[in-house]
Amino acid sequence: MGMTARVLAVDAGNSKTDVAVVAADGSVLATARGGEFRPPVVGVEAAVDQLAETVERAFTAAGVTSVDHVSACLANADFPVEEERLASALHARAWGTDVAVRNDTFAILRAGVTEPRGVAVVCGAGINCVGMRPDGRTARFPALGRISGDWGGGWGLAEEALWHAARAEDGRGTPTSLARTLPAHFGLPSMYALIEALHLEDIPPARRHELTPVLFATAADGDPVARAVVDRLADEVVTMATVALTRLDLLEEETPVLLGGGVLAARHPQLTDGIQSLLTSHAPKAVPKVVTASPVLGAALLGLDATGAPTETHTRLRQHFEP
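> So what about the packing of helix H9 (residues 224-247) against helix H11 (residues 269-282)? Which residues, and what values?
Running from N to C, H9 and H11 cross one another at 40°; their axes reach a closest spacing of 9 Å. Of the possible angle classes, the one that applies to H9 and H11 is oblique. Pair H9 / H11 crosses with right-handed handedness. Residue-level inspection shows Arg227, Val230, Asp231, Leu233, Ala234, Asp235, Val237, Val238 and Thr242 of H9 in contact with H11, the latter providing Gln270, Leu271, Gly274, Ile275, Leu278, Leu279 and His282. Grouping the constituent residues of the contact of H9 with H11 by class yields nine nonpolar, four polar and three charged.

> Outline unusual backbone geometry, listing residues and values.
Look at Ala143: it is not a glycine, yet its phi comes out positive at around 55°. Structurally, the position occupied by Ala143 is in the loop between strand E8 (138-140) and helix H5 (153-170). Here Ala143 falls in the buried class, since its relative accessible area comes to 18%. Backbone geometry places Arg267, a non-glycine residue, at a positive phi of 55°. Summarising the element assignment, Arg267 is placed in the loop between helix H10 (262-265) and H11.

> Residues and numbers for a nonpolar patch on the surface, please.
Judged by side-chain polarity, Phe79, Val81, Leu144 and Ile147 come together as a nonpolar surface patch covering roughly 390 Å² of accessible area. Inspection of the secondary structure puts Phe79 in the loop between strand E4 (67-74) and helix H3 (80-91).

> Describe the packing of aromatic side chains, and please don't skip the residues or the numbers.
Taken as a whole and assessed by the stated rule, the structure comprises zero aromatic pairs. Above the ring of Phe141, the side-chain terminus of Arg247 is found at 4.7 Å from the ring centroid.

> So what's going on with the side chain of Thr17? Which residues, and what values?
With respect to the secondary-structure elements, Thr17 resides in strand E2 (residues 17-23). Within the structure, Thr17 has its side chain in polar contact with the backbone oxygen of Gly35 (distance 2.7 Å).

> Any details on the pattern of salt bridges? Residues and values, ideally.
Following the criterion strictly, the structure yields 14 salt bridges and no others. In this structure, Arg110 engages Asp305 in a salt bridge whose closest nitrogen and oxygen atoms are separated by 2.8 Å. With Arg110 in helix H4 (residues 105-111) and Asp305 in helix H12 (residues 295-306), the pair connects residues that are 195 residues apart, well separated along the chain. The salt bridge involving Asp170 is made with Arg172; its shortest N-O contact spans 2.8 Å.

The rules we used
Residues numbered from 1 in each chain as written. Predicted model: local features only at pLDDT ≥ 70, side-chain atom pairs only at ≥ 80, totals over all residues. Heavy atoms only, no water. Axes fitted to C-alpha atoms, helices over the stretch in contact; angles between N-to-C directions. Helix = DSSP H or I, 4+ residues; strand = E, 2+ residues; numbered from the N terminus. Parallel < 35°, antiparallel > 145°, perpendicular 65-115°, else oblique. Left-handed = near helix turned anticlockwise from the far one by under 90°. Contact = heavy atoms within 4.5 Å. Nonpolar A, V, L, I, M, F, W, Y, C, P; charged D, E, K, R; others polar. Buried < 20%, exposed > 50% of the residue type's maximum accessible area, 1.4 Å probe, protein only. Patch = residues over 30% accessible without salt bridge, like charges linked within 9 Å, V, L, I, M, F, W, Y side chains within 5 Å. Areas by Shrake-Rupley, 256 points an atom, 1.4 Å probe, with all protein chains shown as cover. Salt bridge = Lys/Arg side-chain N within 4 Å of Asp/Glu carboxyl O. Phe/Tyr/Trp six-rings, centres within 6.5 Å; stacked < 30°, edge-to-face > 60°. Lys NZ or Arg CZ within 6 Å of the ring centre and 35° of its normal. Polar contact = N/O pair within 3.5 Å; in protein donor to acceptor, adjacent residues only side chain to side chain.

Geometry only, nothing functional implied.
Listed below in structure tokens is the structure:
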């Protein structure tokens, strides 16, 4: 082994898992990609078993068997008790001397900032927001959907679009082009036909997420109902960011607000402009930025933070992922 393996970085989400083995000087010894990480569905041990396959591939490629520090940013780690359970399960694998588990939104935040300071709002399948300061203070939300007060995310937007379109077609709601564009996406003539196909699962439930881009396209064509849904998402993003900034006493300081996840990374003009405008009025010192860097970079940077690595080490690591 030529270099000391300092950090095992893990970014494990609902659709895929990325891991990286990082040397003491910040160079990346190996990376590997695996499948989904869903402890609520398969159980903690089974999920960690799946993760272990990916970690072992990375360790083999790096020529190591363990590291100093495991920095794991994991989906479904929404409460401290869940972080503790997952940390215990990872520690039992003896991949590293110490283990830190965080919600995967922290990886996106850290990937987009030069120091652990800022707020990130992620809008992918769901919506979440976290914030952090160099002194270790954090702000976060449970982000479990409607039961924790959330609105938005790709699944929520698709559901909202279907709701408006169904009511428009049968006369209960305001007319909207969504009643035509949503079923047309699947080659169907009406919302009635689409509702039937979804109910009978002739269209697999997983394909509902395809309706979110249709919503944005319909909004871009000027449909008032679709545009109102997009405006509401912009308001939700800014509301979460403003609350996190306030909790961390960062509202009066110039602070990065990172925007990540597929919905925000797509840079839909109405949504992007709406977020910028609302931030200007609610948090004028916030500096919005779309993050496109791989979240495993953020997990690795958090690992280097924990080991007290110097700035040049962070720079070398970032250069690997952002050449």
